[in-house]
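# Per-entry structural report
Each chain is listed here by its residues.
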Amino acid sequence: MKKIIHIDMDCFYAAVEMRDFPQYQNIPLAVGGDGPRSVLSTCNYQARQFGVRSAMPAIKAKQLCPELVIVNGRMSVYKEVSNHIREIFSRYTNLIEPLSLDEAFLDVTDSNQFQGSATLIAEQIRSDIFNELNLTASAGIAPNKFIAKIASDENKPNGQCVVSPDKVTRFVEQLSLKKIPGIGPKTFQKLQSFGFTTCADIRASSITNLTMIVGKFATSLYQKAHGIDNRELEV
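This text gives an overview of the structure that appears in the document. (Residues numbered from 1 in each chain as written. Predicted model: local features only at pLDDT ≥ 70, side-chain atom pairs only at ≥ 80, totals over all residues. Heavy atoms only, no water.)

## Here we look at the packing of aromatic side chains
This structure, assessed with the given rule, holds 4 aromatic pairs. Here Tyr-13 and Tyr-78 contribute two aromatic rings whose centre-to-centre distance is 4.2 Å and whose plane-to-plane angle is 5°, an arrangement assigned as stacked. Taken together, the residues span a long stretch of sequence, with Tyr-13 in helix α1 (residues 12-20) and Tyr-78 in helix α4 (residues 75-90) at a distance of 65 residues. Like Tyr-13, the residue Tyr-78 is buried in the burial classification. Clustering of aromatic rings is evident, with ring pairs tying together Phe-12, Tyr-13 and Tyr-78. The residue whose ring lies beneath Arg-48 is Tyr-45, and the NZ or CZ to ring-centre distance is 4.6 Å. (Phe/Tyr/Trp six-rings, centres within 6.5 Å; stacked < 30°, edge-to-face > 60°. Helix = DSSP H or I, 4+ residues; strand = E, 2+ residues; numbered from the N terminus. Buried < 20%, exposed > 50% of the residue type's maximum accessible area, 1.4 Å probe, protein only. Lys NZ or Arg CZ within 6 Å of the ring centre and 35° of its normal.)

## Observations concerning the environment of Leu-175
For Leu-175, the position within the fold is in the loop between α7 (168-173) and α8 (185-193). On the accessibility criterion, Leu-175 (4% relative accessible area) is buried. Considered as a pair, Leu-175 and Ile-150 are 25 residues apart in the sequence and their alpha carbons are 9.3 Å apart. Excluding anything up to four places from it in sequence, Leu-175 contacts Phe-146, Ile-150, Thr-197, Thr-198 and Cys-199. (Contact = heavy atoms within 4.5 Å.)

## Section: the sheet that holds strand β5 (residues 96-100)
Spatial ordering of the open sheet is given by β5-β6-β1-β7-β8, a layout of 5 strands whose pairing is mixed. Every interior strand has two partners, whereas the edge strands, β5 and β8 (160-162), have only one. The mean inter-strand angle of the sheet, taken between neighbouring strand axes irrespective of direction, is 15°. As defined by bridge partners, β5 adjoins strand β6 (residues 103-107) across 4 bridges and the pair is classed as antiparallel. Within the sheet, the bridge partner assigned to Pro-98 lies in β6 and is Ala-104. (Pairing = 2+ DSSP bridges. Axes fitted to C-alpha atoms, helices over the stretch in contact; angles between N-to-C directions.)

## Focus on the pairing of strand β2 (residues 29-32)
On β2, burial covers both faces: Leu-29 and Val-31 on one face and Ala-30 and Gly-32 on the other are all buried. Relative to strand β4 (residues 69-71), β2 runs parallel, the two sharing 3 bridges. Residue pairing for β4: Leu-29 is matched across the bridge by Val-69. Two elements, β2 and strand β3 (residues 40-43), share 3 bridges in a ladder whose sense is antiparallel.

## Here we look at unusual backbone geometry
In this chain, Lys-156 is followed by Pro-157 through a cis amide linkage whose omega measures -10°. Mapping Pro-157 onto the fold places it in the loop between α6 (145-151) and β8. In the Ramachandran plot, Asn-134 falls in the positive-phi region, its phi being about 55° despite a non-glycine side chain. Tracing the chain through its elements places Asn-134 in the loop between α5 (118-133) and β7 (137-142). Even without a glycine there, the phi angle at Asn-158 is positive, about 55°. Within the secondary structure layout, Asn-158 lies in the loop between α6 and β8.

## Some points on the sheet that holds β3
Read across the sheet, 3 strands follow the order β3-β2-β4 without closing on themselves; strand pairing throughout is mixed. The open sheet is flanked by β3 and β4, the only strands paired with a single partner. Pairs of neighbouring strands in the sheet enclose a mean axial angle of 30°, with direction left out of account. Packing of α1 onto the sheet brings it into contact with β2, β3 and β4, and relative to β2 it is tilted by some 115°.

## Points about α1
Counting buried residues along α1, 7 of its 9 residues qualify, which places the element largely inside the surrounding structure. Buried within α1 are the following residues: Phe-12, Tyr-13, Ala-14, Ala-15, Val-16, Glu-17 and Met-18.

This is how it looks when you write it as structure tokens:
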């Protein structure tokens, strides 16, 4: 059985700005342009309380949160921090699949550190990131990439979620279909119109029935609803 960790930095760009500029720490903050057509790269958790989200037009974000401060991104700084984070990952495994500057999958199946405990490895990685970079990260630990990625979002910020093999079924059954990668608002609305809102609903159906609703995506959706994901890491 695989041991996969998904590490996801907490509001990465905004967190770096708050770390480097203390005046931003206790205010709603976003990173991105503030022009009429600009969109936000990310925002901190204070801003999210007002409904502000990543990829939101800046003008709409300002309407939701008039006190929002929007700063320009410093990509060179984010890349430098990201390289340090990758170096921390490499202390525990060489099987690393970066997804972006602020998240990655790690396969620690064959790691001997912490007696092979993926949970303890994830805790140590998050501790290293905090101690060396003064930033927080969240983690999901699971038997495959799909579940690990969703689990990393369960206890954000600065937390982790472990889904052991014996808990996979219970974990996926209660998942909203909104959380499954590939299901956007329109697809979710379509599935909902047929009575599908959770993975439990998908599990009770069949690939044949699902194909009539979502086409070729049916097989992948059916497998994910059963917690199945056989993809290897692309290192």
